[in-house]
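Single-letter residue listing:
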Amino acid sequence: MCSARARAVPGSAPRWIWPADAFESDDTSGTASTIVADGVGQDHTFHVVSDVDWAVFYATAGTVYVIQTGPIDVVDTFLQLYGPDGLTLLSQDNDGAGA
């Protein structure tokens, strides 16, 4: 099991705030929504400037997974991948273009 967290990069606050998405409250690893690694995404929103969205998925050793956010043209996202404990940071990415 791995957890991924996406949040807006500080200083890149959205130009507007969307309504809360169907997965709220998913602001911690303990309240993460479960996402199936089948290529079908989940639509999350930034309903408050400080919103953080977590999702958990079950990974198979030796399998390559693509984890991404987008398309988002009004905010820069920061993606972090955590281990099964929800605390150990395995990888992070802030390289994509954003607002």
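Residues numbered from 1 in each chain as written. Predicted model: local features only at pLDDT ≥ 70, side-chain atom pairs only at ≥ 80, totals over all residues. Heavy atoms only, no water.

## Overview of the overall build of the protein
- In terms of helices and strands, the protein carries 0 helices and 5 strands.
- A burial count over the protein gives 33% of its 99 residues as buried.
- Within the protein, contacts between residues at least 6 apart in sequence are counted, and of these 62% link residues at least 24 apart. (Helix = DSSP H or I, 4+ residues; strand = E, 2+ residues; numbered from the N terminus. Buried < 20%, exposed > 50% of the residue type's maximum accessible area, 1.4 Å probe, protein only. Contact = heavy atoms within 4.5 Å.)

## Some details on the environment of Gln68
- Tracing the chain through its elements places Gln68 in the loop between strand 3 (52–57) and strand 4 (77–82).
- Since its relative accessible area comes to 67%, Gln68 is described here as exposed.
- The sequence separation of Gln68 and Phe78 amounts to 10 residues, and the corresponding C-alpha distance is 9.8 Å.

## Some thoughts on the side chain of Gln80
- Note on placement: Gln80 falls in strand 4.
- Gln80 gets classed as buried once you look at its relative accessible area, which sits at 6%.
- Only 3.3 Å separates the side chain of Gln80 from the side chain of Gln92, close enough to count as a polar contact. (Polar contact = N/O pair within 3.5 Å; in protein donor to acceptor, adjacent residues only side chain to side chain.)

## Brief notes about the nonpolar core
- Ala32, Val52, Trp54, Val56 and Tyr82 together form the largest nonpolar core, which totals 5 residues.
- Broken down by element, the residue count for this core peaks at 3 residues, all from strand 3. (Core = buried A, V, L, I, M, F, W, Y, C linked by side-chain atoms within 4.5 Å.)

## Considerations on the packing of aromatic side chains
- Inspection of the entire model under this criterion finds 2 aromatic pairs.
- Between Trp54 and Tyr82 the ring centres are 5.0 Å apart and the planes differ by 35°, which places this aromatic pair in the tilted class. Of this pair, Trp54 sits in strand 3 while Tyr82 sits in strand 4, and the two are 28 residues apart along the sequence.
- Judged by relative accessible area, which is 9%, Tyr82 ranks as buried. (Phe/Tyr/Trp six-rings, centres within 6.5 Å; stacked < 30°, edge-to-face > 60°.)

## Concerning the environment of Ile67
- Inspection of the secondary structure assignment puts Ile67 in the loop between strand 3 and strand 4.
- Each C-alpha atom, one on Ile67 and one on Ala37, is 9.5 Å from the other, the two residues being 30 residues apart in sequence.

## Considerations on unusual backbone geometry
- The omega torsion across Glu24 and Ser25 is 10°, close enough to zero to call that bond cis.
- Tracing the chain through its elements places Ser25 in the loop between strand 1 (2–8) and strand 2 (33–34).

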